[in-house]
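# Descriptive analysis of the structure
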Amino acid sequence: MKTLDLIDSFQEFKEFKNIDRETLMRILEEVFRAALAKRYGTDENFDIIVNIDKGDLEIFRNRMIVEDGQVQDENLEIAYSDAIKIESDFEVGEELSEPIYMKEFGRREILAIRQNLVGKIQDYEKSLIFQKYKEKVGEIIVGEVYQPWNKEILVLDEEKIELVLPKQEQIPGDRYRKGDTVRAVVLKVEMKNNNPSIILSRTSPIFLERLLEAEVPEIYDGLITIKNIVRIPGERAKIAVESYDDRIDPVGSCVGIKGARIHGIVRELRNENIDVLNYTPRVDLLIQRALAPAKVSSIRIDEENKKADVYMEPDQVSLAIGKGGCNIKLASKLVGYEIDVYRTGDEDTDDVDLKEFADEIDQWIIDEFIKIGCDTAKSVLNLSKEELLKRTDLEEETIDEVLRILQAEFEDEPAEE
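Heads up: these notes are all about the structure in this document. Small disclaimer: the values here were computed from a predicted structure and weren't measured.

Criteria and thresholds
- Residues numbered from 1 in each chain as written.
- Predicted model: local features only at pLDDT ≥ 70, side-chain atom pairs only at ≥ 80, totals over all residues.
- Heavy atoms only, no water.
- Salt bridge = Lys/Arg side-chain N within 4 Å of Asp/Glu carboxyl O.
- Helix = DSSP H or I, 4+ residues; strand = E, 2+ residues; numbered from the N terminus.
- Axes fitted to C-alpha atoms, helices over the stretch in contact; angles between N-to-C directions.
- Left-handed = near helix turned anticlockwise from the far one by under 90°.
- Contact = heavy atoms within 4.5 Å.
- Nonpolar A, V, L, I, M, F, W, Y, C, P; charged D, E, K, R; others polar.
- Pairing = 2+ DSSP bridges.

### Considerations on the pattern of salt bridges
Within this structure, the stated rule accounts for 27 salt bridges. With a shortest N-O distance of 3.7 Å, glutamate 242 and lysine 227 are connected by a salt bridge. Taken together, the positions of glutamate 242 in strand E11 (residues 236-243) and lysine 227 in strand E10 (residues 224-232) put the pair 15 residues apart, joining distant regions of the chain. In this structure, the salt-bridge partner of glutamate 387 is arginine 391, at a minimum N-O distance of 3.6 Å. Here the residue glutamate 387 and the residue arginine 391 both occupy positions in helix H15 (residues 385-391), the gap between them amounting to four residues, near one helical turn. Salt bridges here are not isolated pairs; linked through shared partners, they connect Asp174, Arg183, Arg202, Glu268 and Arg270.

So, in structure tokens, the structure goes:
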């Protein structure tokens, strides 16, 4: 066929990297059949032969030979007198097959066919990419940073497929330049404006889970089960693990000799502190392990409301709460209980919750004391002013005023200097 504008582009179509030969042939046939149906009213009496290797395509129209003057549809029938001009030995009732050349189509029709063809191939490639990454959700991929922006990073995989790592899915401290290698988990895949949108994440607990599977063979083999993972990305993570084989220490296996296994993960997560603990169905024991390194004196469990009151020595409270409340937040998420920490003796009915002083002390000041584990009046008064200055971000005048207000509540109980 002499169809230079269209057939010369077969080589271009062949180079679409994700489309196999059979699929490309099917798409080509579909496009041409649609063009024939539009031009002739039907495509049922046409045969299309595609030879991608040669960049060739042939179209044949099949028509029934009828008596002169009996033609009702020129697309389906041909008069006997016209048929014998093509081949002299044709007879009425036979089927005539003749080639249709692209020159019979107008320039606009050829352009429309080409645009339709390119569009269908591109749509098919997009659907392939969508399906490929839909199956990879939850898996780690390694890509190359192509373009870093303020709100997101454009990443290319080994097949140059575009992936996106949004700012909120990056670990605080992540800094990337063009050409850097990045590891992340496929978080979700969506179709937006008929284009696949592939979102990556480094903050998802699933990312940490996949890193553990890669570093700890016992997890990958199913000998150790990850029961739960909670994270504050870049700060701290807690992982509850369990082994059904008494001969395997799940915590030791995850950490490795001298921390060899966990250190690689910590570096990947920008020095995120990772606590690995033995899972147990006993809520009280799990809470104790989750609040480590703080030592718990006693626990009161309210199973109905999913709450736990934890009592410990005063010097352990700040350890349990952690920097900015990080430790206790993660412990609560890990266990699934709202955890409140109290000092031993806080059950004293003479003590007063700091929130009761909200009319005299600003809420942000109360929050500062709560952050260091001081949630009652006596818990503040039991610390010296120097200690309060050291552990909070409050000014000396503010602390003096708070101590004055609290001491007024316990006039018979002088505060420690």
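### Quick word on the packing of helix H6 (residues 205-215) against helix H9 (residues 260-268)
Closest axis-to-axis distance for the H6/H9 pair is 10 Å, and the angle between their directions is 145 degrees. In this structure, the crossing between H6 and H9 has a hand that is right-handed. Across the interface between the two elements, Phe207, Leu208, Leu211, Leu212 and Glu215 from H6 touch Arg261, Ile262, Ile265 and Glu268 from H9. Split by residue class, the contact of H6 with H9 holds six nonpolar, no polar and three charged.

### A look at the sheet that holds strand E13 (residues 298-302)
Read from one edge to the other, the open sheet built from three strands follows the order E13-E14-E15, with strand pairing classed as mixed. Two strands lie at the open edges of the sheet, namely E13 and strand E15 (338-343), each paired on one side alone. Averaged over all pairs of adjacent strands, the angle between strand axes in this sheet comes to 15 degrees, irrespective of strand direction. Relative to strand E14 (residues 307-312), E13 is paired through five bridges, and the arrangement is antiparallel. If you follow isoleucine 301 over to E14, its bridge partner there is alanine 308. Packing of helix H10 (residues 283-290) onto the sheet brings it into contact with E13, E14 and E15, and relative to E13 it is tilted by some 125 degrees.

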